[in-house]
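Read off the chains here:
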Amino acid sequence: MDECLFCRIVAGEIPATVVHETDDVLAFRDIAPQAPTHVVVIPKVHHRDAAALASADPALAGRLLAAATDVAESEGLTDGHRLVLNTGSDGGQTVFHVHVHLLGGRPLTWPPG
Ligand code: AMP
Ligand code: ZN
């Protein structure tokens, strides 16, 4: 997975502003934030998307969600937040290493565009 952007961030080959790290999860600020708080939460091991992760390692999928919630708390998002897992091209996924977007810090509209 040498060419995977997020694997390269895990390896320290590309810099990122890390806000949370566990043995198997990393969270860093999105380079193009869509809200006052926009953090990307990823498993350190490569899985293509949420479906692949849930199938291969559902316990890790659970830890990924728990980490996203921990970051929401540490970011002070007391009025709520949004977790998004874009999956596949119609889902708007552009980086094919599964990731949770944590968005918050302002009221978010629904549905998205
Ligand atoms: P998605 O479109 O769901 O695959 O989301 C990929 C996200 O990765 C986008 O929100 C990008 O802004 C973000 N992104 C791309 N490159 C970087 C980077 N080097 N550091 C942090 N976030 C990035
Ligand atoms: Zn990867």
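Data block above holds the structure.
A few points on the structure. (Residues numbered from 1 in each chain as written. Chains lettered and ligands numbered in written order. Predicted model: local features only at pLDDT ≥ 70, side-chain atom pairs only at ≥ 80, totals over all residues. Heavy atoms only, no water.)

## Looking at the coordination of the zinc ion (ligand 2)
Here is step 1 of the chain: Listed as protein donors to the zinc ion (ligand 2) are C4 (SG), C7 (SG), H46 (ND1) and H97 (ND1); their distances from the metal cover 2.1 to 2.3 Å.
Here is step 2 of the chain: Coordination geometry of the zinc ion (ligand 2): the 4 donor atoms subtend angles of 107 to 117° at the metal centre, consistent with an arrangement described as tetrahedral.
Here is step 3 of the chain: Each donor residue of the zinc ion (ligand 2) belongs to the same chain, and together they define the spacing C-x2-C-x38-H-x50-H. Here the residue H46 occupies a position in the loop between β3 (37-43) and α2 (50-56), and H97 occupies one in the loop between β4 (82-84) and β5 (100-104), the gap between them amounting to 51 residues.
Here is step 4 of the chain: In this structure H97 comes out as buried when scored by relative accessible area, which is 0%. (Donors = N, O, S within 2.8 Å, 3.2 Å for Na, K, Ca; no water. Tetrahedral: all angles 85-135°; square planar, octahedral: opposite > 155°, others 65-115°. Helix = DSSP H or I, 4+ residues; strand = E, 2+ residues; numbered from the N terminus. Buried < 20%, exposed > 50% of the residue type's maximum accessible area, 1.4 Å probe, protein only.)

## Notes on the packing of aromatic side chains
To describe a pair of aromatic rings, you give the distance between the ring centres and the angle between the ring planes.
Here is step 1 of the chain: Across all of its chains, the model carries 1 aromatic pair by this definition.
Here is step 2 of the chain: Pairing F6 with F28 gives two aromatic rings, centres 5.4 Å apart and planes at 75°, and the pair type is edge-to-face. Note that F6 is positioned in helix α1 (residues 5-10) and F28 in strand β2 (residues 25-29), a separation of 22 residues in sequence. Across the pair, F28 and F6 agree in class, each one buried. (Phe/Tyr/Trp six-rings, centres within 6.5 Å; stacked < 30°, edge-to-face > 60°.)

## So, the environment of V84
Here is step 1 of the chain: Mapped onto the elements, V84 comes out in strand β4.
Here is step 2 of the chain: Since its relative accessible area comes to 21%, V84 is described here as partly exposed.
Here is step 3 of the chain: Between the alpha carbons of V84 and S55 there is a distance of 18 Å; along the sequence they are 29 residues apart.
Here is step 4 of the chain: Setting aside residues no more than four positions away along its own chain, V84 makes contact with H99, V100, H101 and L103. (Contact = heavy atoms within 4.5 Å.)

## Remarks on the site of ligand 1
Here is step 1 of the chain: Ligand 1 sits among 15 residues. The nearest are D30, N86, T94, H99 and H101.
Here is step 2 of the chain: Within the contact set of ligand 1, an oxygen atom lies 2.9 Å away from a side-chain nitrogen or oxygen of N86.
Here is step 3 of the chain: Separating an oxygen atom of ligand 1 from a side-chain N or O atom of H99 is a distance of 2.8 Å.
Here is step 4 of the chain: Notes on ligand 1: free accessible area 510 Å², of which the protein chains cover 83%.
Here is step 5 of the chain: Taken together, the elements giving at least two residues each to the shell around ligand 1 come down to α1 and β2.
Here is step 6 of the chain: Take the shell around ligand 1: its biggest share by element is 3 residues, from α1.
Here is step 7 of the chain: Considering only residue class, the shell around ligand 1 consists of 7 nonpolar, 6 polar and 2 charged. (Near = heavy atom within 4 Å. Polar contact = N/O pair within 3.5 Å; in protein donor to acceptor, adjacent residues only side chain to side chain. Areas by Shrake-Rupley, 256 points an atom, 1.4 Å probe, with all protein chains shown as cover. Nonpolar A, V, L, I, M, F, W, Y, C, P; charged D, E, K, R; others polar.)

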